[in-house]
Amino acid sequence: MAKAKRQHTFPCGHRGRGQVCHRCQQEAQAQAQAQQEAAERQQQRQTWQAQFEQDAIDLRGLPSHVVEKARSILRDLDQGQHFTALKGKRMMFDRSVIRIPVGHRYRLLCREQEGHLLPWRVMTHEDYNAYASNKRPVG
Ligand SMILES: [Zn+2]
């Protein structure tokens, strides 16, 4: 009962001891932290989005690990690695098209023009199979 006497009501309406309301202080801290985390996530999202501008081909909409893997392959190609070193193969029906696996589920297609390999697009294994069996270009 002696302790209860030292409690008082803060302007916020909570009851407690000390100069400031610890309940409100904790809430304010949690809110500030949540805001900072949201700002960091926003920043990361913006950085992530901005990186797509630098890519040789559009990698938007792909899972992030596929984006990273595709970028690493594009970098290797850019640095002069031969596509065979990246497990790339020529298409049977169109020898100017080269497919390079991007993990298990995705393929990077490139077109060869005048001896240069031009990245074309990344597609799923399924889309690639449809493309390969139709034997005509997709969109
Ligand atoms: Zn309070």
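Here the residue numbers are simple positions, counted from 1 along each chain's written sequence. In view of the model being predicted, local features appear only for residues whose pLDDT reaches at least 70, and side-chain atom pairs are presented and counted only at 80 or more, with totals across whole chains, interfaces and linings using the full set of residues. Heavy atoms from the whole structure form the basis of all side-chain values; hydrogens and water molecules are not counted.

Digging into the overall build of the protein
- Where helices and strands are cited, they refer to DSSP runs of H or I of at least four residues and of E of at least two residues respectively, numbered from the N terminus. For the protein, the count of helices and strands is four helices and six strands.
- When the helices and strands of the protein are read in sequence order from the N terminus, they spell out α-β-β-α-α-β-β-β-β-α.
- Taking 139 residues into account, the globule formula puts the C-alpha radius of gyration at 14 Å, and the protein, at 28 Å, lies well above it.
- Counting only C-alpha atoms, the protein reaches 90 × 30 × 25 Å along its principal axes. Here the globule rule is a power law, 2.2 Å times the number of residues to the power 0.38, and the radius of gyration is based on C-alpha atoms.

Topic: the environment of Ser96
- Residue placement: Ser96 occurs in the loop between β3 (89–90) and β4 (97–102).
- Burial classes: relative accessible area under 20% of the type maximum marks a residue as buried, over 50% as exposed, and values in between as partly exposed (1.4 Å probe, protein chains only). Since its relative accessible area comes to 29%, Ser96 is described here as partly exposed.
- In this structure, the C-alpha to C-alpha distance between Ser96 and Tyr106, residues 10 residues apart in sequence, is 19 Å.
- Apart from the residues within four sequence positions on either side, Ser96 is in contact with Cys110, Arg111 and Glu112. Here, two residues are considered to be in contact whenever any of their heavy atoms come within 4.5 Å of each other.

Here we look at the domain arrangement of the protein
- Domain delimitation follows an automatic or database domain assignment. For the protein, the domain assignment lists domain 1 (19–54) and domain 2 (55–134).
- The C-alpha-based centres of domain 1 and domain 2 are spaced at 37 Å.
- When domain 1 packs against domain 2, close to 620 Å² is buried across both sides, 49% of that on carbon and sulfur atoms.
- By buried area we mean how much accessible surface two parts lose on assembly, using a 1.4 Å probe and totalling the loss over both. Among the residues domain 1 hides against domain 2, the three largest losses belong to Trp48, Phe52 and Gln54. Together they make up 78% of the total.
- Here a salt bridge means any side-chain nitrogen of Lys or Arg lying within 4 Å of a carboxyl oxygen belonging to Asp or Glu. At the boundary of domain 1 with domain 2, the tally comes to one salt bridge.
- Residues Arg60 and Glu53 are paired through a salt bridge, measuring 3.0 Å at the closest nitrogen-oxygen approach.
- Polar contact is the term for a pair of N or O atoms within 3.5 Å; when the atoms are in protein, one must be able to donate a hydrogen and the other to accept it, and sequence-neighboring residues count only if both atoms are side-chain atoms. Along the contact surface separating domain 1 from domain 2 lie three residue pairs in polar contact (both at pLDDT 80 or more).

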